[in-house]
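# Structural overview for review
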Amino acid sequence: MITKVLATLAVVITGAILLYGTADFPAFGDPNSPASAGVEGGAPSISQYYITKSYDDTKVPNLVTSVLADYRGYDTMFETVVVFAAGMAIFAILRVFREDDDGVPNATHSNGNSFTDGDHSRIIVGTTVRIVVPVIQLFSLYVVAHGHHSPGGGFQGGVILGASFIILALATDLETALSRFSEKSYFALAAIGILIYAGFGVLCQVLGSDFLDYGVLQKIFLTDGPEMARSHSMLGVEVGVAFTVTGIMFAIYANLSSRGTLKSGL
Amino acid sequence: MIFALDIVILIFLIVAALIALNVKDLLSASMIFGIYGFLICLLWAEMGAVDVAFTEAAVGAGISAVLFIATVYNTRRRSSD
């Protein structure tokens, strides 16, 4: 009892201090706040630079994508590596290879139509999923390809594409989803994604510039100036991110739902 | 940014968080946590951070709820050791 009172007291005091701290914040979206306008007498703010110059630099209308994939491309590359490492950790912790497992996850795949086998509720769900999954996958490709013009990008598109396979596994069974997107292919896809991203960086170095300095790629993309080369490279990098995220999302689901056996899911 | 909408979303957010913390059934808790993620997504969209809201809708309300449910299905109340 006394610990509960003390814990509540600690939470209330911390909350009060935090609320007191917010009193000094500038108003929401205030253009004259230090974060937006820079400190008086100091260097001009970096956000002003992004807001006014990023379109001229990269020809990418979506400011967020140009910051994430170009100006802060190194950060985003290692975020992708973190996602990949998470998938590897899940694999290392959960995946089990039993003695009766011959290493082929879908060896016992039934040859019936797993969309509509079984009870009536599965017919409704299976038919709906069969109609909906292609639409979801098309939408995810749109999100990836259009990420530098509208909200979206590699992470979101990759998650949606991974979710479409998860829906398939939920509506039918894990074997059906794995027969379309096997363990070998999702880990290969994840590794290829990082290779694409890092490959863009190394390609820039080969052409005589810094790592992930996309401007020099105009020699390869044959664009008019470095701006369009940066725009195209951002698309390429986003595709790499989407590959990794798609593979790892499905890898995490497949291992979690089947306790690492990849035999039978939920 | 609409102040009234902000207040409504924040109230729902706190209610969803409290229910997710207090409900006994882990499956319901993970479902309500999905609702919580979607409400945060609404809040961000309403504040103008559309990219973040998109990510939250895909990851927070979509995938993570499914992963929680997959985990809950594979756990038992008692340890099997």
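As a reminder, the structure under discussion sits directly above these lines.
Owing to the predicted nature of the structure, the values given are computational and were not obtained by experimental measurement. (Residues numbered from 1 in each chain as written. Chains lettered and ligands numbered in written order. Predicted model: local features only at pLDDT ≥ 70, side-chain atom pairs only at ≥ 80, totals over all residues. Heavy atoms only, no water.)

## Some words on the overall build of chain B
Rules: Numbering of helices and strands starts at the N terminus; helices are DSSP runs of H or I of at least 4 residues and strands are runs of E of at least 2. The reference for a compact globule is 2.2 Å times residues^0.38; the radius of gyration itself is calculated from the C-alpha atoms. Burial classification: accessible surface area is computed with a 1.4 Å probe over protein chains only, and a residue below 20% of its type maximum counts as buried, one above 50% as exposed, and the rest as partly exposed. The criterion used for residue contact is that any of the two residues' heavy atoms lie within 4.5 Å. The protein chains shown are the only cover counted for residues, whose accessible areas, like all others here, come from Shrake-Rupley with a 1.4 Å probe. His residues and chain termini do not enter the charge count, which takes Lys and Arg as positive and Asp and Glu as negative. All charge positions are set by atom: Lys at NZ, Arg at CZ, Asp at CG, Glu at CD.
Tallying secondary structure elements over chain B gives three helices and zero strands in all. In sequence order, the secondary structure elements of chain B are arranged as α-α-α. The globule rule puts the C-alpha radius of gyration for 81 residues at 12 Å, and the 15 Å found for chain B is more than 25% above it. Seen through its principal axes, chain B has C-alpha atoms that stretch 55 × 25 × 15 Å. Relative to its full complement of 81 residues, chain B shows a buried share of 35%. The long-range share in chain B, meaning contacts at least 24 apart out of those at least 6 apart in sequence, stands at 56%. Approximately 5300 Å² of chain B is accessible, and the part contributed by carbon and sulfur atoms is 73%. Charged side chains in chain B number 4 positive and 6 negative. The centres of these two groups are separated by 25 Å.

## Observations concerning the overall build of chain A
Helix and strand counts for chain A stand at eleven helices and zero strands. Nonlocal contacts in chain A, meaning residues at least 24 apart in sequence, comprise 62% of its contacts between residues at least 6 apart. For chain A, the exposed area adds up to about 14400 Å²; of that, 68% sits on carbon and sulfur atoms.

## What to know about the interface of chain B and chain A
To keep things clear, this is the line we draw: When two components associate, each loses some accessible surface as probed by a 1.4 Å sphere; the sum of these losses over both components is called the buried area. In protein, a polar contact means a hydrogen-donor-capable atom and an acceptor-capable atom, both N or O and within 3.5 Å, with residues adjacent in sequence counting only if both atoms are side-chain atoms; elsewhere, any N or O pair within 3.5 Å suffices. Each residue gets one of three labels, nonpolar for Ala, Val, Leu, Ile, Met, Phe, Trp, Tyr, Cys and Pro, charged for Asp, Glu, Lys and Arg, and polar for the others, Gly among them.
At the interface, 16 residues of chain B touch 21 residues of chain A. Taken together, both faces of the contact between chain B and chain A bury some 1600 Å²; the carbon and sulfur share is 76%. At the boundary of chain B and chain A, one finds seven residue pairs in polar contact (both at pLDDT 80 or more). It is helix H3 (residues 50-73) of chain B that contributes the most residues to the side of chain B that touches chain A, twelve residues altogether. In terms of residue class, the side of chain B that touches chain A is made up of eleven nonpolar, three polar and two charged.

## Re the packing of aromatic side chains
Residues and elements named next belong to chain A. Stated precisely, the cut-off is as follows: Any pair of Phe, Tyr and Trp rings, taking the six-membered ring for Trp, is counted once the centres come within 6.5 Å. Such a pair is stacked with planes under 30 degrees apart, edge-to-face with planes over 60 apart, and tilted for the rest. When the NZ atom of lysine or the CZ atom of arginine is within 6 Å of a ring's centre and also within 35 degrees of its normal, the charge is said to sit over that ring.
Tallied over the full model, the rule gives 17 aromatic pairs over all chains. A ring pair is formed by Tyr49 and Tyr50, whose centres lie 6.3 Å apart and whose planes are at 65 degrees; its orientation type is edge-to-face. Take Tyr49: its relative accessible area is 34%, and that puts it in the partly exposed class. Among the residues examined, Tyr50 registers a relative accessible area of 11% and is labelled buried. An aromatic cluster of at least three residues, connected via ring pairs, comprises Phe91, Phe97, Phe165, Phe181, Tyr186, Phe187 and Phe250. Taking NZ or CZ as reference, Arg230 lies 5.5 Å from the ring centre of Tyr71, over its face.

## Details of a nonpolar patch on the surface
Residues and elements named next belong to chain A. Short version of the rule: Residues enter patches when their relative accessible area tops 30% and they take part in no salt bridge; the joining distance is 9 Å for like charges and 5 Å for the nonpolar side chains Val, Leu, Ile, Met, Phe, Trp and Tyr. Think of a salt bridge as a Lys or Arg side-chain nitrogen and an Asp or Glu carboxyl oxygen that are within 4 Å of each other.
Together, Ile2, Leu6, Leu9, Ile13 and Ile17 give the surface a local cluster of nonpolar side chains, amounting to about 530 Å² of exposed area. Of note, Leu6 is situated in helix H1 (residues 2-22). With a relative accessible area of 51%, Leu6 lands in the exposed category.

## Observations regarding helix H4 (residues 63-71) of chain A
Residues and elements named next belong to chain A. Within H4, the full set of buried residues consists of Thr65, Ser66, Val67, Ala69, Asp70 and Tyr71. Where H4 is buried, its residues meet helix H3 (46-58), helix H5 (73-94), helix H9 (183-206) and helix H11 (226-257). For H4, the side-chain oxygen to backbone nitrogen distance between the N-cap and Val64 is 3.2 Å, and the N-cap itself is Asn62.

## A few points about the nonpolar core
The line we're drawing: The nonpolar core is taken to be a set of buried Ala, Val, Leu, Ile, Met, Phe, Trp, Tyr and Cys residues, with the residues joined through side-chain atoms within 4.5 Å.
Leu174, Tyr186, Tyr197, Tyr214, Phe250 and Tyr253 of chain A are the most contacted members of the largest nonpolar core, which totals 48 residues. Secondary-structure elements contributing two or more residues to this core are H5, helix H6 (120-145), helix H7 (154-171), helix H8 (174-180), H9 and H11 of chain A together with H3 of chain B. Residue contributions to this core peak at twelve residues, all from H11 of chain A. Counting eight residues, the second largest nonpolar core, distinct from the first, contains Leu13, Ala16, Leu39 and Ile40 of chain B.

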